[in-house]
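# Coordinate inspection notes
Residues per chain, in single letters:
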Amino acid sequence: MTSPIRTEKHDNVLVIISDNPPVNALGQAVRAGLVAGIEEALSDDSVEAVIIRCDGRTFFAGADITEFGKPPQGPSLPDALDRLEASDKPVVAAIHGTALGGGCEVALACHYRVAVPSAKLGLPEVKLGLIPGAAGTQRLPRLVGAEAALPLVAIGNPIPAKKAKDIGLVDELVSEDALEADAIAFAKSKIGQPVPRSSEGNANQDGIKNPDIFDEFRAKNGRKMRGFDAPNAAIEAVKTAGEKSYEEGAKRERELFMQLMTGTQSKAMRHYFFAERAANKIDDVPADTPLIDIKKVGIIGAGTMGGGIAMNFLSAGIPVTILEMKQDALDRGTGVMRKNYENTAKRGRMTDEQVEGAMGSLTPTLDYGDLADCDLVIEAVYENMDVKKEVFTKLDEIVKDGAILASNTSYLDINEIASVTNRPGYVIGLHFFSPANVMKLLEVVRGEKTRDDVLATSMKLSKKIGKVAAVSGVCPGFIGNRMLSKRQEQANKLILEGANYWDVDDVLLEFGFPMGPFQMGDLAGIDIGWHRDPSKVTTVREALCAVGRFGQKAGKGFYDYDESRNRTPSDEVKQIISDFAEKEGTKQRDISKDEIRERLLYPMVNEGAKILDEGMAQRASDIDVVWINGYGWPLYTGGPMFWADTIGLDTVVAGLEKHDLPVSDYLRKKAEAGKTFN
Ligand code: 3HC
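Since the model is a prediction, treat every value here as computed from it, not as a measurement.

## Looking at helix H29 (residues 665-672)
Within H29, the full set of buried residues consists of Leu667, Lys670 and Ala671. Angularly, the buried residues of H29 cover 100° about the axis, an arc narrow enough to put them on a single face. Turned more than 90 degrees from where H29 packs its buried face, Asp665, Lys669 and Glu672 sit exposed. Those residues of H29 hidden inside the fold are in contact with helix H25 (593-613) and helix H28 (649-658). Glycine 674 sits one or two positions beyond H29 and adopts a positive phi of about 70°.

## Focus on the sheet that holds strand E1 (residues 5-10)
Read across the open sheet, the 6 strands follow the order E1-E2-E3-E4-E6-E9; overall the sheet is mixed. Strand pairing shows two members of the sheet lacking a second neighbour, E1 and strand E9 (172-173), which therefore form its edges. By the bridge criterion, 3 bridges tie strand E3 (residues 49-54) to strand E4 (residues 91-95) in an arrangement that is parallel. Looking across to E4, one finds that isoleucine 51 is bridged to valine 92.

## Here's the deal with unusual backbone geometry
Here the bond from proline 21 into proline 22 is cis, since omega is 0°, no more than 30 degrees from zero. Counting through the fold element by element, proline 22 comes out in the loop between strand E2 (13-18) and helix H1 (28-43). In this model, glycine 74 is joined to proline 75 through a cis peptide bond whose omega is -5°. Considering the arrangement of structural elements, one finds proline 75 in the loop between E3 and helix H2 (77-86). Although it is not a glycine, aspartate 11 adopts a positive phi angle of roughly 55°. Mapped onto the fold, aspartate 11 is located in the loop between E1 and E2. One non-glycine residue, asparagine 24, lies in the positive phi region at around 55°. Topologically, asparagine 24 is positioned in the loop between E2 and H1.

## Digging into the pattern of salt bridges
The final tally for this structure, using the stated rule, is 47 salt bridges. Close ionic contact of arginine 113 with aspartate 171 constitutes a salt bridge, the shortest N to O distance being 3.9 Å. Of this pair, arginine 113 sits in strand E6 (residues 112-115) while aspartate 171 sits in the loop between helix H6 (161-167) and E9, placing them 58 residues apart in sequence. A relative accessible area of 32% means that aspartate 171 is categorised as partly exposed. Each of Arg6, Glu8, Arg53, Asp55 and Glu180 takes part in one network of salt bridges that share partners.

## Quick look at the site of the ligand
Of all residues adjacent to the ligand, which total 25 residues, the nearest are Arg57, Glu105, Glu125, Arg277 and Lys281. Taking alanine 63, its main chain carries an N or O atom lying 2.8 Å from a nitrogen atom of the ligand. Isoleucine 65 places a main-chain nitrogen or oxygen 2.9 Å from a nitrogen atom of the ligand. Within the complex, the protein chains bury 75% of what would otherwise be the 990 Å² of accessible surface of the ligand. Listed by contribution, the elements that provide at least two residues to the shell around the ligand are strand E5 (98-100), helix H3 (102-109) and helix H13 (264-279). In terms of residue class, the shell around the ligand is built from 13 nonpolar, 5 polar and 7 charged.

## Observations concerning the UniProt feature "domain: 3-hydroxyacyl-CoA dehydrogenase C-terminal" (unreviewed entry) in the protein chain
UniProt marks residues 477-561 and 598-657 with the feature "domain: 3-hydroxyacyl-CoA dehydrogenase C-terminal" (unreviewed entry), using the numbering shown here. For the annotated span residues 477-561, helix accounts for 51% and strand for 4% of the residues, and the straight-line distance between the end C-alpha atoms is 32 Å. Between the end C-alpha atoms of residues 598-657 there is a gap of 11 Å, over a span that is 73% helix and 0% strand.

## Some thoughts on the packing of aromatic side chains
Between two aromatic rings, the relevant description is the distance of the centres plus the angle of the planes. By the definition in use, this model includes 19 aromatic pairs. When the ring of tyrosine 559 is compared with that of tyrosine 561, the centres are 6.5 Å apart and the planes differ by 65°; the resulting orientation is edge-to-face. Comparing tyrosine 559 with tyrosine 561 shows no difference in burial state: the two are buried. Connected via pairs of aromatic rings, a cluster forms that spans Phe433, Phe511, Phe513, Tyr602, Trp627, Tyr631, Trp633 and Trp643. Above the plane of the ring of phenylalanine 273 lies arginine 277, whose end atom (NZ or CZ) is 3.7 Å from the centre. Here arginine 487 stacks its cationic end above the ring of phenylalanine 513, 4.9 Å away from the centre of that ring.

## Details of the side chain of aspartate 396
Of note, aspartate 396 is situated in helix H17 (residues 385-398). Note on aspartate 396: relative accessible area 14%, which makes it buried. Among the polar contacts made by the side chain of aspartate 396, one reaches the main-chain amide nitrogen of asparagine 422 at a distance of 2.6 Å. Polar contacts involving the side chain of aspartate 396 include one to the side chain of arginine 423, which spans 2.9 Å. Apart from the residues within four sequence positions on either side, aspartate 396 is in contact with Leu405, Val420, Thr421, Asn422 and Arg423.

## Quick look at the nonpolar core
The biggest cluster of nonpolar side chains holds 82 residues, and the ones touching the most others in it are Ile51, Phe59, Phe60, Ile95 and Leu140. With sequence-adjacent residues up to four places away left out, isoleucine 95 is seen in contact with Phe59, Ala107, Arg113, Val114, Ala115, Val116, Ala119, Leu121 and Leu179. Of all hydrophobic cores here, the second largest spans 66 residues; its members include Leu494, Met616, Tyr631 and Met641.

## Some points on the sheet that holds strand E11 (residues 320-323)
Spatial ordering of the open sheet is given by E12-E11-E10-E13-E14-E15-E16-E17, a layout of 8 strands whose pairing is mixed. Looking at which strands have only one partner, the edges of the open sheet turn out to be strand E12 (362-365) and strand E17 (468-472). On average, adjacent strands in this sheet sit at an angle of 25° to one another, irrespective of strand direction. As paired strands, strand E16 (residues 441-445) and E17 are joined by 5 bridges and run parallel to one another. Bridge assignment links valine 445 to a residue of E17, and that residue is serine 472.

## Considering the environment of arginine 83
The residue arginine 83 is located in helix H2 in this model. A relative accessible area of 40% places arginine 83 in the partly exposed class. Sequence separation of arginine 83 and asparagine 312 is 229 residues, and the distance between their C-alpha atoms is 46 Å. Setting aside residues up to four positions removed in sequence, arginine 83 forms contacts with Val35, Ile38 and Glu39.

## Focus on the environment of glycine 557
For glycine 557, the location among the structural elements is in the loop between helix H23 (540-546) and strand E18 (559-561). Among all residues touching glycine 557, those that are not within four sequence positions of it are Asp522, Ile526, Leu544, Arg549, Gly551 and Val573.

## What about the side chain of aspartate 505?
Looking at the secondary structure, you find aspartate 505 in helix H21 (residues 501-511). A distance of 2.6 Å separates polar atoms of two side chains, one belonging to aspartate 505 and the other to tyrosine 559.

## As for the packing of H28 against H29
For the pair H28 and H29, interaxial distance at closest approach is 8 Å and the crossing angle is 130°. As summarised for this structure, H28 and H29 are arranged oblique, according to the angle between their axes. You can see that H28 and H29 cross each other, and the crossing is left-handed. From H28, Leu649, Asp650, Val652, Val653, Leu656 and Glu657 reach across to H29, where they touch Leu667, Arg668, Lys670 and Ala671. Along the lines of polarity and charge, the residues of the contact of H28 with H29 split into 6 nonpolar, no polar and 4 charged.

The rules we used
Residues numbered from 1 in each chain as written. Predicted model: local features only at pLDDT ≥ 70, side-chain atom pairs only at ≥ 80, totals over all residues. Heavy atoms only, no water. Buried < 20%, exposed > 50% of the residue type's maximum accessible area, 1.4 Å probe, protein only. Helix = DSSP H or I, 4+ residues; strand = E, 2+ residues; numbered from the N terminus. Arc of directions from axis to C-beta. Contact = heavy atoms within 4.5 Å. Pairing = 2+ DSSP bridges. Salt bridge = Lys/Arg side-chain N within 4 Å of Asp/Glu carboxyl O. Near = heavy atom within 4 Å. Polar contact = N/O pair within 3.5 Å; in protein donor to acceptor, adjacent residues only side chain to side chain. Areas by Shrake-Rupley, 256 points an atom, 1.4 Å probe, with all protein chains shown as cover. Nonpolar A, V, L, I, M, F, W, Y, C, P; charged D, E, K, R; others polar. UniProt positions renumbered as here; feature names shortened; annotations may be inferred. Phe/Tyr/Trp six-rings, centres within 6.5 Å; stacked < 30°, edge-to-face > 60°. Lys NZ or Arg CZ within 6 Å of the ring centre and 35° of its normal. Core = buried A, V, L, I, M, F, W, Y, C linked by side-chain atoms within 4.5 Å. Axes fitted to C-alpha atoms, helices over the stretch in contact; angles between N-to-C directions. Parallel < 35°, antiparallel > 145°, perpendicular 65-115°, else oblique. Left-handed = near helix turned anticlockwise from the far one by under 90°.

The structure is reproduced here in structure tokens:
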């Protein structure tokens with residue numbers, strides 16, 4: 001097999017080049033090639049400096065994740081990098097694309113780093129439930145200081161080359177289209193000087209001067225890090241860099257890395273990494289399906305949902321025409337969008353020009369005719385089949401042939417909606433989640449007649465607007481809401497049977513969800529759909545509305561709220577629930593948190609199994625993608641289906657049976673065969 005690494009000599013500079021598509025992951029052959037390249041440079045007296053660069057779209061994007069969990073094959077990345085750094089001839093990393101994880105560690109082991117302005121650098125290992133494992137946690141703080149290193153290592157978001165230069169991670173920004181030539185010139189200027197080694201640096205003095213920075217960092221990022229093991233290990237490793245020698249620090253890093261690598265969280269998060277990428281692929285749609293060019297998007301409805309959806313396209317540079325029925329609703333909607341953008345700008349995440357650019361590409365209208373030349377129209381109107389049908393009939397008349405007509409419905413039948421048009425092949429469901437400009441998930445609902453190019457275009461577009469897409473077949477509630485309804489059903493039953501509603505919320509919080517169903521109800525307002533007649537009370541929610549407990553906005557809902565929105569359980573509500581149960585003839589009893597957890601989560605897994613059996617999801621991992629991105633299922637468990645695999649499908653079946661809950665044939669057969677979903 002030919003090596004993915006080759007060398008080229010330019011005068012007295014040896015350029016080591018990696019060509020390992022698609023992302024130059026640092027697999028065994030690349031590591032071996034790097035070591036061979038360095039040895040070639042060291043053994044050739046005519047070589048006085050070395051460049052490391054990559055062909056293709058990016059500098060090394062990290063260790064090869066597909067090798068994780070398999071027996072290690074030398075040379076290891078830490079050993080390869082120690083040998084590289086030990087060189088007394090200057091070694092320069094020439095960076096384009098993304099230098100991530102092990103790729104960033106290669107750059108750190110080099111004596112100098114030059115990068116094109118569009119490059120990004122980062123240590124995203126925490127997003128895989130890991131920490132850097134090739135001394136990144138030791139070299140980075142020694143190079144840039146603990147304070148600058150902490151967010152990079154413990155939060156894992158990459159930074160642009162310019163910021164990397166500001167903190168001292170990059171030495172020089174070079175020309176976008178002359179990376180190699182500029183890197184060679186830079187390397188030549190360093191010949192004859194003593195080489196700076198990151199492992200020998202001591203720029204992490206701030207970690208020692210202010211030992212509180214680690215606790216302060218933990219406190220500031222507590223919410224983001226809640227439940228995750230890796231960020232704490234990352235903080236510990238960076239702290240160690242300030243307290244111990246490089247060798248001791250690297251040893252500690254390795255121990256922490258191995259602990260995390262063999263733990264369940266990293267396994268789950270690596271599952272998710274590949275799940276997200278798999279979800280974008282549709283098994284029976286060829287990868288080379290020609291796409292429809294989406295140059296202009298129409299949105300019907302300028303409410304919270306429509307406005308949020310529009311912002312996705314505007315932010316991605318795609319002009320939007322937004323339609324409302326009345327001028328004041330249109331003005332209100334566009335006003336909210338502007339305000340959202342301005343708030344983003346205030347937080348420094350957008351420039352004023354970007355705000356004006358986005359709003360400048362928005363055309364508000366009251367006239368359906370203005371949607372005629374759109375390539376994609378998404379309706380976000382009231383969830384009612386008759387209303388949707390009316391909208392689609394109109395769109396079919398007005399919008400040009402070949403355009404995609406999409407519904408943002410969260411549970412209605414896309415096939416029925418499509419049937420009122422003369423182009424059902426061009427109709428699709430694009431289910432965004434609220435707030436649509438923030439939430440990552442896009443459930444793409446494939447109707448019976450949806451054409452391949454319409455589906456493929458929707459998947460591609462989802463990536464362009466920064467969403468994570470998963471395909472669902474047509475069934476009530478699709479993947480996400482269909483499973484949610486099973487959880488909600490149990491939550492409602494549990495409180496009638498005597499479980500404390502705050503215990504129900506707590507069980508989900510402890511599991512890792514950001515919120516439980518009753519907190520969520522209070523936040524959204526429990527009077528949604530309230531008929532305002534206190535004499536007609538058929539549910540607990542209606543009973544609460546009847547006494548004015550509308551949720552957080554009223555200062556009381558399921559919980560009582562103080563001025564700072566701190567919640568406390570309410571005796572009044574507990575009484576309302578037990579009165580309601582008595583009226584219904586439901587006997588109340590003490591219910592343990594274990595029972596609550598099993599009854600909330602196992603029926604979801606069972607429903608997921610049915611979704612798979614019916615072919616409504618292509619693969620179990622797509623269901624995981626939906627729940628992690630749309631409903632706050634904790635990433636570190638890998639999603640409902642991966643989690644079920646982890647605890648054992650036989651455990652799930654036994655739990656369902658114990659609580660007299662239905663078990664689907666599909667789930668039972670898998671469990672009996674000792675199989676897993678993923
Ligand atoms: N190892 C193996 N395969 C990888 C990979 C990696 N590190 N990174 C990406 N790939 C694969 C993807 O699975 C995908 O495969 P597919 O085409 O078969 O689905 C293909 O490369 C292209 O990836 P994307 O679809 O994600 O391409 P994008 O252009 O959208 O993104 C990227 C490119 C920003 C580099 C993104 O792939 C990415 O974030 N990769 C992971 C980076 C990372 O986490 N690195 C750290 C790894 S852990 C590590 O380095 C440990 C070390 O400290 C010892």
